[in-house]
Amino acid sequence: MKSGTITPAAPEAADDDTAPHRGGGPRRLAAFSAGALLLVPTAVAACRVADVDAVTPLPQLLAFLPWMLAPAGVALPLALLGRRRTVALWAAAVLALLGWHVRPYDTGLTEDPPGPVAARLTVLTSNLEFGGATEGLLTVLRRERPDLVFVQECSLTCAKALQSRVSTADYPYRNIVEGDPAEGSAILSRHPLKPAPGVDSVLAMPGATATVGELPVNLQLAHPLPPIPDAVDDWRRELGRLTSYAADARDSGRPTLIAGDFNATQDHAAFRRLLEAGELRDSATLAGAARTPSWPAAVRRPLGAQIDHVLVSEDFAVRDARFLDLADTDHRSLLVTLDLHMRTE
């Protein structure tokens, strides 16, 4: 009888991170690609969780946090294809963190009002991109007839148009700061305005006190510098000044409204600190328009970023918010309807 030979069975292919892989080349490439795709989303998610804006390029990337779902979403199947369990878990964790923070940070048309309605207001904020959308703004003023108007990047041509072509019967009260090309700003009102110190900034951020019925209301236009790579510190500093204003306005006990181009989204820590300091709420989010992009105007959801806001104190209930398209500007305007409540305390 011939003695038999025993051939050892070939090991089964493993699917963990340490075992060798058949088809190793494509799988290694898939795993490597997954890891590369996760680097930027991980950094953005980490900043969001840590409540920091960090340094360039992260402040710029935070404005587009929802976009990070795309590379993270592609990384997960690549990690599974590459049979890299650790990378797959990494991708799933990043997706979970991003998904959690993409949800609206506040919801609901109204909360418990502090008292009876004293007045209903419509508020418009519009960045005209160096005054280019002046004609569009004039058309919106005639069509919508907002009670309060906040204009950013109001060039000298824009300022002259507001003074000569907007009837004082419609807007008898104005605070216009002239400047070119982007430095100028304006507040127009149907309600009496009193001068109030604005916030110190490169781009004009005027303030005022409006009398609505019998209630004094703090008004502040927002237009801090954008967080371009060589001006992130200036952006952070000017948002910090707005935060200090919001805290002082809260302490005054008056209704407060801050509107304009904040050059910041809900995913920027500096913007969230402003909300917290003034106990303010974002009108668009309360009206169900969270993450509706306002810049750049050419794109729609899920692209773009919402950097134009109308922030209100708890004295206001938000009834409606609409983003309007104007020609010749890279921003969409925001029109909100508010109820101003009297405090009964």
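Residues numbered from 1 in each chain as written. Predicted model: local features only at pLDDT ≥ 70, side-chain atom pairs only at ≥ 80, totals over all residues. Heavy atoms only, no water.

(A) Here's a closer look at the overall build of the chain. Counting secondary structure elements, the chain contains nine helices and 12 strands. For the chain, the C-alpha radius of gyration of 26 Å lies well beyond 20 Å, the compact-globule estimate for 345 residues. For the chain, the spread of C-alpha atoms along the principal axes amounts to about 115 × 45 × 35 Å. Burial status across the chain gives 50% buried among its 345 residues. (Helix = DSSP H or I, 4+ residues; strand = E, 2+ residues; numbered from the N terminus. Rg over C-alpha atoms; globule rule 2.2 N^0.38 Å. Buried < 20%, exposed > 50% of the residue type's maximum accessible area, 1.4 Å probe, protein only.)

(B) Structural context of the side chain of Arg 48. Summarising the element assignment, Arg 48 is placed in helix H1 (residues 24-50). When sequence neighbours within four positions are dropped, the list of residues in contact with Arg 48 reads Leu 62, Leu 65, His 101, Gln 266, Asp 267 and Arg 272. (Contact = heavy atoms within 4.5 Å.)

(C) Geometry of the sheet that holds strand E10 (residues 308-312). The strand order E5-E6-E7-E8-E10-E9 describes an open sheet built from six strands, whose pairing is mixed. Of all strands in the sheet, those with a lone pairing partner are strand E5 (193-196) and strand E9 (281-282), marking the two edges. Examined bridge by bridge, E5 and strand E6 (residues 207-212) share four bridges and lie antiparallel to one another. Bridge pairing in E6 links Pro 195 to Ala 208. Helix-sheet contacts for helix H7 (residues 232-252) involve strand E7 (215-222) and strand E8 (256-261), and the interaxial angle to E7 is about 175°. Contacting E8, E9 and E10, helix H8 (residues 269-278) crosses the sheet at an angle of about 20° to E10. (Pairing = 2+ DSSP bridges. Axes fitted to C-alpha atoms, helices over the stretch in contact; angles between N-to-C directions.)

(D) Broad picture of the pattern of salt bridges. Using the criterion set out here, one finds 16 salt bridges in the structure. Where Asp 320 meets Arg 322, a salt bridge forms, and the shortest distance between an N and an O atom there is 3.8 Å. Take Arg 322: its relative accessible area is 35%, and that puts it in the partly exposed class. The partner of Arg 332 in a salt bridge is Asp 325, with the nearest N and O atoms 3.1 Å apart. (Salt bridge = Lys/Arg side-chain N within 4 Å of Asp/Glu carboxyl O.)

(E) Up close: the environment of Leu 61. Structurally, the position occupied by Leu 61 is in helix H2 (residues 58-62). Overall, the relative accessible area of 25% leaves Leu 61 in the partly exposed class. In contact with Leu 61, not counting residues within four places along its chain, are Val 40 and Val 44.

(F) Representation of the state of the cysteines. Tallied over the entire structure, the rule returns one disulfide. Note that Cys 154 is cross-linked by a disulfide to Cys 158, the S-S spacing being 2.0 Å. The sign of the S-S torsion, about -95°, decides the handedness of the disulfide formed by Cys 154 and Cys 158: left-handed. Grouping residues by exposure puts Cys 154 and Cys 158 together as buried. (Disulfide = S-S within 2.5 Å.)

(G) Representation of unusual backbone geometry within the structure. For the peptide bond that leads from Asp 180 to Pro 181, omega is -10°, which places it in the cis range. Of the consecutive residues Trp 295 and Pro 296, the connecting peptide bond is found in the cis state with omega at -10°. Topologically, Pro 296 is positioned in the loop between helix H9 (283-286) and E10. Positive phi outside glycine occurs at Arg 145, with the angle close to 50°. Structurally, the position occupied by Arg 145 is in the loop between helix H5 (134-144) and strand E2 (148-152). Overall, Arg 145 belongs to the partly exposed group, its relative accessible area being 43%.

(H) View of H1. Taking 1.5 Å per residue as the helical rise, H1 with its 27 residues ought to reach 39 Å, and the 37 Å between its terminal C-alpha atoms agrees with that figure. Residue Leu 39 marks the point of greatest curvature in H1, where the axis turns by about 35°; the proline Pro 41 follows within four residues. Listed as buried for H1 are Gly 24, Ala 30, Ala 31, Ala 34, Gly 35, Leu 38, Pro 41, Val 44, Ala 45, Cys 47 and Arg 48. Those residues of H1 that are buried lie in contact with H2, helix H3 (69-81), helix H4 (85-102) and H8. (Expected span 1.5 Å × (residues − 1). Bend = angle between axes of the 7 residues up to and from the residue.)

(I) Representation of the packing of H1 against H3 in the model. At their nearest, the axes of H1 and H3 sit 8 Å apart, and the two run at 155° to each other. As judged from the angle between their axes, H1 and H3 are roughly antiparallel. Every pair of crossing elements has a handedness; the one defined by H1 and H3 is left-handed. Contacts from Arg 27, Ala 30, Ala 31, Ser 33, Ala 34, Leu 37, Leu 38 and Pro 41 in H1 reach Pro 71, Ala 72, Val 74, Ala 75, Leu 78, Ala 79 and Leu 81 in H3. For the contact of H1 with H3, a count of residues per class yields 13 nonpolar, one polar and one charged. (Parallel < 35°, antiparallel > 145°, perpendicular 65-115°, else oblique. Left-handed = near helix turned anticlockwise from the far one by under 90°. Nonpolar A, V, L, I, M, F, W, Y, C, P; charged D, E, K, R; others polar.)

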